[in-house]
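Given next are the chains, with one letter for each unit.
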Amino acid sequence: MDTKKLFQLVALDLDGTLLNSDGCVSEENKAAIKKATQQGIVFAIATGRPYCGLPLEVMEELGIQYAITANGAAIYQAPEKNCLFEHCMPASLVSSILEKLLKLEIHMDIFTHGDAYTPAKCRETLRNIHSLPSSLKHYILTTREVVPDIMAFLQKGQPPIQKLTLNFQKKEDGSYIDREETIQTLNQYPKVTYLSGGYGNLEFTKNGVTKAKGLSLLCNYLGIPIEQSIACGDSENDLDIIKAAGLGVAMANAPKDICSQADDVTLSNDMHGVAAMLEKHLQ
C-alpha cells in the first residue's frame, strides 16, 4: 500500500522547524508546501508563539489557514484571527504566580487574546540573554507590547491568559540564572503545566493544554482522522504532538531524546528539513 496517500494534514512548528536560523522560510520549503497544498494537503502551524507572532504574510502566500498557538492554548483561523478553540488560565491564578516570579531575574511574555505583553522591568533582561539567536530576539522585541505595571494590567482587565514564556540569562557554567527557582515556584501550582520550548526557556499554560490536544481538536474540526496527520518539530514542546500524530517527524537539529521518540528524523531547519520530509512522505 502506498502510505503517502493517507496523510491529509501536516502540522509544522515554526522556530527551529519551518523557520531557519535567520527566522525565514526557505524557498525550498515554500515550494514543497505549495506543491503539497495543490494536492489537497491541509497545513497548520503548531507553535508556542501567540497569534501576533505568526508569519501571516508567508502563511497567506502558502495557503496556510490554521494555527495551533501558545502550545495548544488557542487555535485560530487566519487571516481573520477567528479563534476556534481556547483553553486559558484565569488572570487571578497568573497574578499569584507572577507575584513570585517578578522577584527573579527573568524575561517573561504573557499571551492573551492572541496578543503578547512584556513587563517593562523585563525588557533589559532580554537584552542580556545572549543564548537566544538574534533573529528570535528580534522577533520578541518587535511583537510584544511593553506594560509598565503587569500586575495592574492583570487585575484591571482580568484577561484570560493563554500562556507565559520565561527566558533566562545563562551563566558561565552553562546553567541558567533563577531557572531552578522558577521550577520550584511552578511546581506549587498543579493547575498549570510547564515545559521548555528551546534555549533553556520555560513555558507554562493551563494544565492539560498541549499541542497534541490542539491537533486533536483541529483534526476533529476539519473532519480529518488524527491518524492521517503528520507533525514536525524540534523541541520539548513538540514531543507530545510528534507522538500523537499519525506520523511524528523530528528535525535533525532537535535534541537526541526528541529524535529517539519520533517516527522519523528529517534534515535540519537550515537544510530545508520540512521540504525533505514532505518529499519523502507525501510526494
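Everything discussed here concerns the structure shown above.
Residues numbered from 1 in each chain as written. Predicted model: local features only at pLDDT ≥ 70, side-chain atom pairs only at ≥ 80, totals over all residues. Heavy atoms only, no water.

What to know about the sheet that holds strand S12 (residues 229–233)
Thinking step 1. On the basis of which strands lie adjacent, the open sheet formed by 8 strands has the order S5-S4-S3-S2-S1-S12-S13-S14 and mixed pairing. The outermost strands of the open sheet, each flanked by one partner alone, are strand S5 (82–86) and strand S14 (264–265).
Thinking step 2. Sheet topology note: the strand S13 (residues 247–250)/S14 ladder contains 2 bridges and is parallel. Looking at the pairing, valine 249 lines up with aspartate 264 of S14. (Pairing = 2+ DSSP bridges. Helix = DSSP H or I, 4+ residues; strand = E, 2+ residues; numbered from the N terminus.)

Let's talk about unusual backbone geometry
Thinking step 1. Proline 79 follows alanine 78 through a cis peptide bond whose omega is 5 degrees.
Thinking step 2. Along the polypeptide, proline 79 turns up in the loop between strand S4 (74–77) and S5.
Thinking step 3. Look at alanine 70: it is not a glycine, yet its phi comes out positive at around 50 degrees.
Thinking step 4. Mapped onto the fold, alanine 70 is located in the loop between strand S3 (66–69) and S4.

Some thoughts on the sheet that holds strand S9 (residues 163–168)
Thinking step 1. A sheet is described by the order of its strands in space; here 6 strands give the open sequence S8-S7-S6-S9-S11-S10, paired in mixed fashion. The sheet is open, and its two borders are formed by strand S8 (145–147) and strand S10 (192–195), each paired with just one other strand. Between one strand axis and the next, the sheet turns through 25 degrees on average, direction left out of account.
Thinking step 2. Sheet topology places strand S6 (residues 106–112) next to strand S7 (residues 115–119); 3 bridges connect them, and they run antiparallel. In the strand pairing of S7, isoleucine 110 is matched with tyrosine 117.
Thinking step 3. The strands touched by helix H3 (residues 91–101) are S6, S9, S10 and strand S11 (202–206); relative to S6, the strand with the most contacts, the crossing angle is about 170 degrees. (Axes fitted to C-alpha atoms, helices over the stretch in contact; angles between N-to-C directions. Contact = heavy atoms within 4.5 Å.)

Remarks on the side chain of threonine 118
Thinking step 1. As for its placement among the helices and strands, threonine 118 is situated in strand S7.
Thinking step 2. Looking at threonine 118, its side chain comes within polar contact range of the side chain of aspartate 109, at 2.5 Å. (Polar contact = N/O pair within 3.5 Å; in protein donor to acceptor, adjacent residues only side chain to side chain.)

Description of the packing of helix H1 (residues 27–38) against helix H11 (residues 273–281)
Thinking step 1. It is at 7 Å that the axes of H1 and H11 come closest, and there the two elements cross at 30 degrees. Judged on the interaxial angle alone, H11 and H1 are roughly parallel. The two elements H1 and H11 cross, and the hand of that crossing is left-handed. Residues Glu28, Asn29, Ala32 and Ile33 of H1 form the contact with H11, whose own contacting residues are Gly273, Val274, Ala275 and Leu278.
Thinking step 2. Classifying every residue of the contact of H1 with H11 gives 5 nonpolar, 2 polar and 1 charged. (Parallel < 35°, antiparallel > 145°, perpendicular 65-115°, else oblique. Left-handed = near helix turned anticlockwise from the far one by under 90°. Nonpolar A, V, L, I, M, F, W, Y, C, P; charged D, E, K, R; others polar.)

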